[in-house]
Amino acid sequence: MLVLGLETSCDDTAAAVLQDGNKLLSNIINDQSNIHSKYGGIVPELAGRSHIDQVHKVIRCALESAQVKLRDIDLLAVTVGPGLIGSLLVGLNTAKGISYGLGTPLVGVNHLEGHLLAIFLQKQIEFPFIALVVSGGHTDLYRVNNFGQYQLLGRTRDDAAGESFDKVAKMLGHKYPGGPKIEKMAVEGNAKAHKFPRAYLEKASLDFSFSGLKTSVKNYIDKLQSSNGLSDGDIAAAFQEAVVEVLSKKIIMACEQEGLSRVVVTGGVASNGALRKAVASVCSDSGYESWFPDPVFCTDNAAMIACAGYQKYKNFPASKADLLNMDATASLLL
Ligand code: KG4
Ligand code: ZN
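The model shown is predicted, which means the values in this text are computed figures rather than measured ones.

Procedures and definitions
- Residues numbered from 1 in each chain as written.
- Chains lettered and ligands numbered in written order.
- Predicted model: local features only at pLDDT ≥ 70, side-chain atom pairs only at ≥ 80, totals over all residues.
- Heavy atoms only, no water.
- Phe/Tyr/Trp six-rings, centres within 6.5 Å; stacked < 30°, edge-to-face > 60°.
- Buried < 20%, exposed > 50% of the residue type's maximum accessible area, 1.4 Å probe, protein only.
- Helix = DSSP H or I, 4+ residues; strand = E, 2+ residues; numbered from the N terminus.
- Lys NZ or Arg CZ within 6 Å of the ring centre and 35° of its normal.
- Pairing = 2+ DSSP bridges.
- Axes fitted to C-alpha atoms, helices over the stretch in contact; angles between N-to-C directions.
- Contact = heavy atoms within 4.5 Å.
- Donors = N, O, S within 2.8 Å, 3.2 Å for Na, K, Ca; no water.
- Domains from an automatic or database assignment.
- Buried area = accessible area lost by both parts, 1.4 Å probe.
- Right-handed = clockwise from strand over helix to strand, strands pointing away.
- Near = heavy atom within 4 Å.
- Polar contact = N/O pair within 3.5 Å; in protein donor to acceptor, adjacent residues only side chain to side chain.
- Areas by Shrake-Rupley, 256 points an atom, 1.4 Å probe, with all protein chains shown as cover.
- 1 Å grid on protein atoms, 1.4 Å probe; cavity = no way out; pocket = protein on both sides within 12 Å on 5 of 7 lines; lining within 4 Å.
- Sits in = over half its atoms within 2 Å of the grid points.
- Arc of directions from axis to C-beta.

**Re the packing of aromatic side chains**
- Scanning the model with the defined rule gives eight aromatic pairs in all.
- Arranged with centres 5.7 Å apart and planes meeting at 15 degrees, the rings of Phe 127 and Phe 129 form a pair that is stacked.
- Given a relative accessible area of 0%, Phe 129 falls into the buried group.
- Between Phe 127 and Phe 147 the ring centres are 5.0 Å apart and the planes differ by 80 degrees, which places this aromatic pair in the edge-to-face class. Placement of Phe 127 in the loop between α4 (111-117) and β6 (129-134) and of Phe 147 in the loop between β7 (139-146) and β8 (149-155) is noted, with a sequence separation of 20 residues between them. Side by side, Phe 127 and Phe 147 carry an identical accessibility label, which is buried.
- In this structure an aromatic cluster arises from ring pairing among Phe 120, Phe 127, Phe 129 and Phe 147.
- Above the ring of Phe 208, the side-chain terminus of Lys 250 is found at 6.0 Å from the ring centroid.

This is the structure:
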């Protein structure tokens, strides 16, 4: 079965062709960071316009690279939320047009379900497991019982972890997206040079909070950095360690609370090497197993949407869309 996945929820125009749920034939991503970087964040109107300009080129490229024709596609899977509404509508209406024109079935996919199931592109994980989706818009801990059965255990009460990486990078003079820049700077820095606060919230809470950490870094840079002689690398390393420590500890707390020993960490921030290393280490100390999609499947991509769409169609055939009633939802929950 050939699935064409389409992802335009934020600032990446992406299309991928997936065979039988885990054989990836192509994975094309047009990243818009050159458009948004000078504004310090994503400009929704520019994102939507760039998707319109790129979406057909990206689809054509995905089909050519997979050496298949649009008529060969058995199923279309498209992100229907959460995300920027103008961006979502470009992907959704493109997919609807193809579906209407060729009679190809279409399923709508929740972007978070795409992130959650990205690991299945590489490995079939046994259910149930704990999953952390950690991205620019979300920091959500789930108990994953099966395909389509997700129980939210905790989430951020303010900024997402990726957002805090982006904001701290901006304070240090770097353009969006800041996560990879912080990771690179942190390699040169000393994480023990300063201790930033960790927000664990109430005892046993699996929620997160990163806005206090962000403010603390801002105050430190404004008032103390030059007098204490810390380099940008030290600040980046100390900040990254604070985020990584909280995420790792809450994963272990979630495993203990739910009595589970399998962990998946996914979403853009899961491409961070320090986070991968720390989670793998705390999990192995507790006798748990952990998996991380390859970095290219952690950040936004259409392969994960094709994978989630394939599972949805296979496990819930009635999820095939009623084209006229299908809509995009900016704040879609999982
Ligand atoms: O999953 P994603 O591509 O888009 C959303 O669904 O939000 O995640 C993007 C986020 C950005 O905040 C970006 O700075 C962060 O992931 N990110 C990283 C790294 N690579 C991307 N954060 C930390 N370390 C990285 N290596
Ligand atoms: Zn995402």
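**Comments concerning the sheet that holds strand β5 (residues 106-110)**
- A sheet is described by the order of its strands in space; here five strands give the open sequence β3-β2-β1-β4-β5, paired in mixed fashion. Only two strands of the sheet have a single neighbouring strand rather than two, namely β3 (23-31) and β5. Here the strands of the sheet are splayed against their neighbours by 20 degrees on average, with no regard to which way each runs.
- Here five bridges tie strand β4 (residues 75-81) to β5, and the two strands are oriented parallel to one another. What sits directly across from Leu 76, in β5, is Leu 106.
- Set on the sheet, helix α3 (residues 85-102) makes contact with β1 (2-7), β4 and β5; between it and β4 the angle comes to about 155 degrees.

**Points about the coordination of the zinc ion (ligand 2)**
- Here the zinc ion (ligand 2) is held by His 111 (NE2), His 115 (NE2) and Asp 300 (OD), and the distances to it run 2.0 to 2.1 Å.
- Read in sequence order, the donor residues coordinating the zinc ion (ligand 2) give the pattern H-x3-H-x184-D. Taken together, the positions of His 111 in helix α4 and Asp 300 in the loop between α11 (295-298) and α12 (303-315) put the pair 189 residues apart, joining distant regions of the chain. By the burial criterion, His 111 is buried, and Asp 300 matches it.

**Considerations on the domain arrangement of the protein chain**
- Considered domain by domain, the protein chain is made up of domain 1 (2-116 + 298-319) and domain 2 (124-292).
- On a C-alpha basis, the centres of domain 1 and domain 2 stand 27 Å from each other.
- Taken together, the contact between domain 1 and domain 2 spans 17 residues of the former and 20 residues of the latter.
- For the pairing of domain 1 and domain 2, the buried interface totals around 1600 Å² over both sides, and the portion due to carbon and sulfur atoms is 69%.
- When the area that domain 1 buries against domain 2 is broken down by residue, the three leading residues are Leu 112, Leu 116 and Cys 298, summing to 39%.

**Here we look at the pairing of strand β9 (residues 262-266)**
- When you tally the buried positions in β9, you get five out of five residues, the bulk of the element.
- Inspection of the sheet shows β6 paired to β9 by four bridges, in the parallel sense. By the bridge assignment for β9, Val 133 is matched with Thr 266.
- Summarising the sheet, β9 and strand β10 (residues 289-291) pair through three bridges and their orientation is parallel. Looking at β10, one finds that Arg 262 is bridged to Glu 289.
- Read from β9 through helix α10 (residues 273-285) to β10, the crossover connection turns out right-handed.

**Overview of the site of ligand 1**
- Taken together, 20 residues are adjacent to ligand 1, and Gly 136, Asp 166, Gly 179, Glu 183 and Asp 300 come closest.
- Gly 179 places a main-chain nitrogen or oxygen 3.0 Å from an oxygen atom of ligand 1.
- In this structure, an oxygen atom belonging to ligand 1 sits 3.0 Å away from a main-chain N or O atom of Asp 300.
- Relative to its free-state accessible area of 550 Å², ligand 1 is covered by the protein chains to the extent of 90%.
- In a pocket analysis with a 2 Å cut-off to the grid points, ligand 1 is assigned to the largest pocket.

**A short note on the environment of Val 17**
- Residue placement: Val 17 occurs in strand β2 (residues 12-19).
- For the pair Val 17 and Ile 73, spaced 56 residues apart in sequence, the C-alpha separation works out to 8.4 Å.

**A closer look at helix α6 (residues 179-188)**
- When we look at burial in α6, the residues that qualify are Gly 179, Ile 182, Met 185 and Ala 186. Considered in projection along α6, the buried side chains sweep an arc of 130 degrees and stay on one side of the axis. Residues Pro 180, Lys 184, Val 187 and Glu 188 are exposed on α6 and point more than 90 degrees away from its buried face.
- Of the surrounding secondary structure, the elements contacted by the buried residues of α6 are α5 (161-171) and α9 (232-258).

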